[in-house]
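Examination of the molecular architecture
One letter stands for each residue in the lines below.
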Amino acid sequence: MPEPGYTDRLLLLADHWRLRPWPAAAGAAAADLGAVLLPTSCVVCGCADHSLCVPCRALLRRSTARPYYAHEAAEALPGALPVLAAGRYAGGLAQVLLAYKNHGHTDLAPVLRPVLAGVLHRAAEDAGARGLVLVPVPGTARALRRRGYSPLDLLLGALRARRLLPAQTTLAPLVVHSRPGRGAAGPGTRGAVVVPRPGGQKSLGKRGRRANVYGTMTAGAPGSLAGIRCLVVDDVLTTGATIAEATRALRAAGAQVQAAAVIAATPGPARDAANTNG
Ligand SMILES: [Zn+2]
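Residues numbered from 1 in each chain as written. Predicted model: local features only at pLDDT ≥ 70, side-chain atom pairs only at ≥ 80, totals over all residues. Heavy atoms only, no water.

Condition: UniProt positions are given in the numbering used here, feature names are shortened, and annotations may be inferred rather than shown by experiment.
The name given to the chain in an unreviewed UniProt entry is ComF family protein, and the organism recorded there is Arthrobacter jiangjiafuii. Under the heading Sequence similarities (unreviewed entry), UniProt records this for the chain: "Belongs to the ComF/GntX family."

Given below as structure tokens:
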């Protein structure tokens, strides 16, 4: 059998992806539940209204209208990997992301979807959309158990279902955690097994954080993704350690990682407080 061509392989990836269960149904159920159980006050200003009141929604829209390249503030990123962010992890955007990710506010997904779509469209345009594979950074099994939903997958799944992803791109979870709870030897951990700490990434310094995730992800055998162009997608950019690890895994499998896109990037030293990924 001849080697499948580039387009064939993209189709194979798309098929593979279609067979994987999206947590969309679970997410929808969680959203319904959230609407019933959570008091309806704005998560940003606290006024009695929807989860995000009209003025705060307008501010959020304004603060994410102009995506910008944020990679220079993230010290753990590999050199020359552009990371486009929809906005800064501050103010209303930070509050909304925190409520959405850590306080069960899946009812805020409709607010965050256009923000993510906007940054993906711009990133795909900059990197060349044709044949680009959008690769979400995988969440950990522990985080999924804790939350009951995957914040990033929930947004991406809904965008995909509504055909709001950039044209000519494919969404595929090419990166997975290789061996949960264990990592290969990496910088500063030569020969050691890396055990994720109970406090997650935020309890670590920047060096520790990078070492903590190094070798924990895989995208398949060397060469298995040769010729595939990828855009790594995550929700929040902090030090860039998790994006760096996903990029390393993709490149090890032969993929070209063109860039990454995130909803929000943490500016400066406050970034440690913002990483809620664990
Ligand atoms: Zn408000």
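Back to the text.
**A look at the pairing of strand β7 (residues 229–237)**
On a regular strand, one side chain projects to one face of the sheet and the next to the other, so that they alternate. To be explicit about the condition: Buried, partly exposed and exposed residues are distinguished by accessible area as a fraction of the type maximum, computed with a 1.4 Å probe on protein chains only: under 20%, between the cut-offs, and over 50%, respectively. Helix numbering and strand numbering both begin at the N terminus, where a helix is a DSSP run of H or I of at least 4 residues and a strand a DSSP run of E of at least 2. Pairing between two strands is assigned when DSSP locates at least 2 bridges connecting them.
Where burial is concerned, most of β7 is hidden: 9 out of the 9 residues are buried. Here strand β3 (residues 133–136) runs beside β7; their pairing, made up of 4 bridges, is parallel. When the bridges of β7 are listed, Leu134 appears paired with Leu231. The pairing of β7 with strand β8 (residues 256–265) spans 8 bridges and is classified as parallel. By the bridge assignment for β8, Val232 is matched with Ala260.

**Considering the coordination of the zinc ion**
Applied cut-off: Note that water is not among the atoms considered, so a metal site may appear incomplete; the donors listed are N, O and S atoms within 2.8 Å of the metal, with 3.2 Å applied to Na, K and Ca.
Around the zinc ion, the protein contributes the donor atoms Cys42 (SG), Cys45 (SG), Cys53 (SG) and Cys56 (SG), at 2.3 to 2.4 Å from the metal centre. Sequence positions of the residues that donate to the zinc ion give the spacing C-x2-C-x7-C-x2-C. With a gap of 14 residues between them, Cys42 in the loop between α2 (24–37) and α3 (54–63) and Cys56 in helix α3 connect regions that are remote in the sequence. Judged by relative accessible area, which is 11%, Cys56 ranks as buried.

**Some thoughts on the sheet that holds strand β4 (residues 170–171)**
Just so we agree on the cut-off: In what follows, residue pairs with any heavy atoms lying within 4.5 Å of each other are defined as contacts. Here an axis means a line fitted to C-alpha atoms, over the contact stretch when the element is a helix, while the angle between two N-to-C directions is reported on a 0 to 180 degree scale.
With mixed pairing, 6 strands are arranged side by side in an open sheet as β1-β2-β8-β7-β3-β4. Where the open sheet ends on each side, the last strands, each with one partner, are β1 (68–69) and β4. As paired strands, strand β2 (residues 83–88) and β8 are joined by 5 bridges and run parallel to one another. Within β8, the position partnered with Gly87 by the bridge is Ala264. This element, helix α5 (residues 109–127), spans β1, β2, β3, β7 and β8 of the sheet and lies at about 150 degrees to β8.

**Brief notes about helix α9 (residues 241–252)**
The cut-off we apply is this: Expected helix span is taken as 1.5 Å per residue step, with the number of steps being one fewer than the number of residues.
Between its terminal C-alpha atoms α9 stretches 16 Å, which fits the 16 Å expected from 12 residues at 1.5 Å a residue. Among the 12 residues that make up α9, 9 are buried, leaving the element largely enclosed by the rest of the structure. Within the span of α9, buried status applies to Ala241, Thr242, Ile243, Ala244, Glu245, Ala246, Thr247, Ala249 and Leu250. Where α9 terminates, the next one or two residues include Gly254, which has phi positive at roughly 100 degrees.

**Describing the environment of Ala264**
Residue placement: Ala264 occurs in strand β8. C-alpha separation for the pair Ala264 and Val119, spaced 145 residues apart in sequence, amounts to 9.8 Å. Beyond its immediate chain neighbours, meaning those up to four positions away, Ala264 contacts Ala85, Gly87, Arg88, Tyr89, Leu93, Leu97, Asp235, Val236 and Leu237.

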